[in-house]
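Chain and residue survey
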Amino acid sequence: MSESIISVRGLIKRYGSFVAVNGVSFEVKKGEIFGLLGPNGAGKTTILECLEGIRQPSGGTLSIGGCNPQSNGGKLRQILGVQLQSSSLPDGIRPREAMTLVCAWHGMPPRFDLLSRFGLDYQSKKHYREMSTGEKRRLHLALALASNPAVVILDEPTTGLDVQGRAEFHNAIRELKASRVTILLATHDMAEAESLCDRIAIIIRGRIVAIGTPAQITATGQAETRITLRTKRNCLLPGRDIGSARFLKQVENYGIWLCRDAAAAVMELLKEVQQSGDSVEDLRVERPSLEERFLELIEGGYNNECLVQTSLDPV
Amino acid sequence: MSALFKHLWIQFKIDIRERGTLMTYYLVPLVFYFVMGAVFSSINPLARQTLPATMPIFAVTMGAVLGLPVPIVKMREFGVLRAYHVCGIPEGAVLFIQSISAFFHLLVVSIIIFVTAPVFFEASYPKSFFAYFLSLLILLFVSIALGVLIGMVARNQSIALMLSQSIFLPTVLLSGIMFPTSMLPQPLRMLGRILPATYIMQSFSGLGFGLPTDINAAFSLLIAAGIGVAAVIFIVIKLKALEKSL
């Protein structure tokens, strides 16, 4: 098993009597993309800010690359790149100047190649105030990578981006993963988490209620697999329960069934079609999505939830 | 050091690009100076004589106390300091560089006034250049320190503007740069003595131009410097608090 580069043990953060983060523990191994998911106010940003050294935890221990974020800020900045959820730069600064500035403070030559990589070089005369949301996001990502960090924290990096901007950003994150950069990603976007993250933790009211790969978390839910089927002569319509497949509804010439054991239910449906001398024209099997599982957890099923998986190994 | 110089150069350029900064650092003080030089000094000969003292006080107070706080508040409000922090740039360095950049801008304006006042308006040259420039340096130090302090304590831009005006307007009216403090009623004269500009005006007049003063000129300079040092101490305390609450 690869070594863990981020370690969070029993993290607690209180604001007065309000407990924003309540005993959160997780580990992220080198080269992994680890997602933090949760509704607004769940505590994602607070966890990240404690890791970034911006906030002082009320309890627990944190480590990034063997460095304590609270007591060793200087070393932390060498190994950690951060894109904040909301931040800004002076209105009159140019991307090239921002890169020069950040690299100068890291004692290294400016990384203009990062501006080019994120499509900003041609706009190097543009002022920050004139840049679009997507350009600003890409600039902040480029600045976060200026010191060649081993770990990058991205706090809702695609919020406010259009579809193209989001796709470009996802490609940039995949490139980072390919170069073995460890990424801790907080997001609201389930599709983003599902497509990018090796593992995710779902946080609700300051606690982790599920942790594991997106597939593992999805699989543990109560939601059933959906089978949509259309045959040439509509032999299964009007619909009825067939074996373990529970009929849900008919939409035009399609019948829709729900089941727990998808393989068995599909076999039973196909057997019924075959016995009727009919043939299949279209068959779709849809597993419950991460979003459905997330909503299931949000809607109250999380109080007695066990952690889905604690192993560090991504699938 | 290289990082500091690069940062300072970039900050200097950012300041030049900001319309608001240009207005408060250069345009308004210089326009006011030319109006004062052309009109007011012809009415009051004493005003013409001390133009190289009064107008830098006006320009520096305006630039530092009105111009500097709002950008600092904006940096806090909009997360610029947070963005710098996570990129490894200390908040203290950001404020220091902002202050040094303001220092150079306001020094340039002051030198423009110093050089042009005798040429355009027949203003007097100081009797002691050393004392004049020492007073100017203390003026820059104390004004910038107050500007940064307002930027650090104000919760938002409106409060910053209110605090700035509460220093700037009395400075213009009560410190002796528009008319001698001896012409003011006693309560206003006493009120003027809480302003650093009053003491700077005394030291410019007494030490720089050899004119009679209400307060000992050297002592005035020390008081002004003391106010600046006190402001810096408060800034450091606020900075420590800010680092914990980013």
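Above this text sits the structure in question.
So, here's what we can say about the structure. Quick caveat, the model's predicted, so the values are computed rather than measured. (Residues numbered from 1 in each chain as written. Chains lettered and ligands numbered in written order. Predicted model: local features only at pLDDT ≥ 70, side-chain atom pairs only at ≥ 80, totals over all residues. Heavy atoms only, no water.)

Observations concerning the overall build of chain A
Rules: Comment: elements are numbered from the N terminus, with helices defined as DSSP H or I runs of at least four residues and strands as E runs of at least two. Accessible area is worked out with a 1.4 Å probe on protein chains only. A residue is then buried under 20% of its type maximum, exposed over 50%, and partly exposed in between. Residues count as neighbours in contact if any of their non-hydrogen atoms are within 4.5 Å of one another. Here the open area of atoms and residues is found with the Shrake-Rupley method and a 1.4 Å probe, where only the protein chains shown may cover a residue. Counting rule for charge: Lys and Arg are taken as positive, Asp and Glu as negative, and neither His nor the chain ends is counted. Where a charge lies is defined by one atom per residue type, namely NZ (Lys), CZ (Arg), CG (Asp) and CD (Glu).
Of the regular secondary structure elements, chain A holds 10 helices and 13 strands. C-alpha atoms of chain A, sized along the principal axes, occupy 75 × 45 × 35 Å. By residue count, 51% of the 315 residues in chain A fall in the buried class. Taking the contacts inside chain A whose residues are at least 6 apart along the sequence as the reference set, 68% of them involve residues at least 24 apart. When the accessible area of chain A is evaluated, it comes to approximately 13900 Å², of which 47% is carbon and sulfur surface. One way to put it: in chain A the 38 positive side-chain charges average out to a point 4 Å from where the 36 negative ones average out.

Regarding the packing of helix H4 (residues 51–67) of chain B against helix H5 (residues 69–77) of chain B
All names here are of chain B. Counted only if it meets this: Throughout, an axis means a line fitted to C-alpha atoms (over the contacting stretch in the case of helices), and angles, computed between N-to-C directions, take values from 0 to 180 degrees. For this classification, under 35 degrees means roughly parallel, over 145 means roughly antiparallel, 65 to 115 means roughly perpendicular, and everything else is oblique. Residues are grouped as follows: Ala, Val, Leu, Ile, Met, Phe, Trp, Tyr, Cys and Pro are nonpolar; Asp, Glu, Lys and Arg are charged; all remaining types, including Gly, are polar.
At a minimum axis distance of 5 Å, the contact between H4 and H5 shows a crossing angle of 20°. The pairing of H4 with H5 is recorded here as roughly parallel in orientation. Side by side, H4 and H5 meet where Ala64, Val65, Leu66 and Gly67 of the first sit next to Pro69, Val70 and Pro71 of the second. By residue class, the composition of the contact of H4 with H5 is six nonpolar, one polar and no charged.

Notes on the interface of chain A and chain B
Applied cut-off: What gets called buried area is simply the loss in accessible area from a 1.4 Å probe that two parts show on being joined, summed for both. Take a side-chain nitrogen of Lys or Arg and a carboxyl oxygen of Asp or Glu: if they are within 4 Å of each other, that pair is a salt bridge.
Contact residues are listed per partner, giving 26 residues for chain A and 27 residues for chain B. Overall, the association of chain A and chain B removes approximately 2400 Å² of surface from exposure, summing both partners, and the carbon and sulfur fraction of that is 63%. Ranking the residues of chain A by area buried against chain B places Ile54, Leu101 and Trp105 of chain A at the top, with a combined share of 29%. For the pair chain A and chain B, the number of links is four salt bridges. Across the pair Glu18 of chain B and Arg129 of chain A runs a salt bridge, and its minimum N-O distance is 3.1 Å. For the side of chain A that touches chain B, the elements supplying multiple residues, two or more each, are helix H3 (95–105) and helix H5 (133–144) of chain A. Sorting elements by how many residues they give to the side of chain A that touches chain B places H3 of chain A first, with six residues. Tallied by class, the residues present in the side of chain A that touches chain B amount to 11 nonpolar, nine polar and six charged.

Examining the pairing of strand S1 (residues 4–15) of chain A
Residue and element names in this part refer to chain A. To keep it simple, the criterion reads: For two strands to be treated as a pair, DSSP must find at least two bridges joining them.
Relative to strand S2 (residues 18–29), S1 is paired through nine bridges, and the arrangement is antiparallel. In the sheet register, Ser7 faces S2, and the bridge partner there is Glu27. Hairpin connection from S1 to S2: two residues lie between these consecutive antiparallel strands, with Gly16 at a positive phi of about 65°. Where S1 meets strand S4 (residues 59–64), five bridges bridge the pair, whose relative direction is antiparallel. Looking across to S4, one finds that Ser7 is bridged to Ser63.

Focus: the sheet that holds strand S11 (residues 246–251) of chain A
Residue and element names in this part refer to chain A. With antiparallel pairing, four strands are arranged side by side in an open sheet as S11-S12-S10-S13. Of all strands in the sheet, those bounded by a partner on one side alone are S11 and strand S13 (280–286). Strand-to-strand twist of the sheet, defined as the mean angle between neighbouring strand axes without regard to direction, takes the value 20°. Against the sheet, helix H9 (residues 262–275) touches strand S10 (225–231), strand S12 (254–259) and S13, its axis set at about 15° to S10.

Let's talk about the side chain of Thr45 of chain A
All names here are of chain A. Here is the rule we go by: Any pair of nitrogen or oxygen atoms within 3.5 Å is treated as a polar contact; in protein, a donor-acceptor pairing is required on top of that, and neighbouring residues in sequence qualify only through side-chain atoms on both sides.
Structurally, Thr45 is set in helix H1 (residues 44–51). Separated by 3.0 Å, the side chains of Thr45 and Asp155 make a polar contact. Setting aside anything within four residues of it in sequence, one finds Thr45 in contact with Gln85 and Asp155.

A few points about the nonpolar core
Inclusion rule: Side-chain atoms within 4.5 Å link the members of a nonpolar core, which is a set of buried Ala, Val, Leu, Ile, Met, Phe, Trp, Tyr and Cys residues.
In terms of nonpolar packing, the biggest core is built from 113 residues, with Leu89, Ile93, Ile183 and Ile202 of chain A touching the most fellow members. Discounting chain neighbours no more than four positions away, the residues touching Leu89 of chain A are Ala98, Tyr128, Leu139, His140 and Leu143 of chain A together with Val80, Ala83 and Tyr84 of chain B. Grouped together as the second largest cluster of nonpolar side chains are 34 residues, Cys50, Leu184, Ala186 and Ile211 of chain A included.

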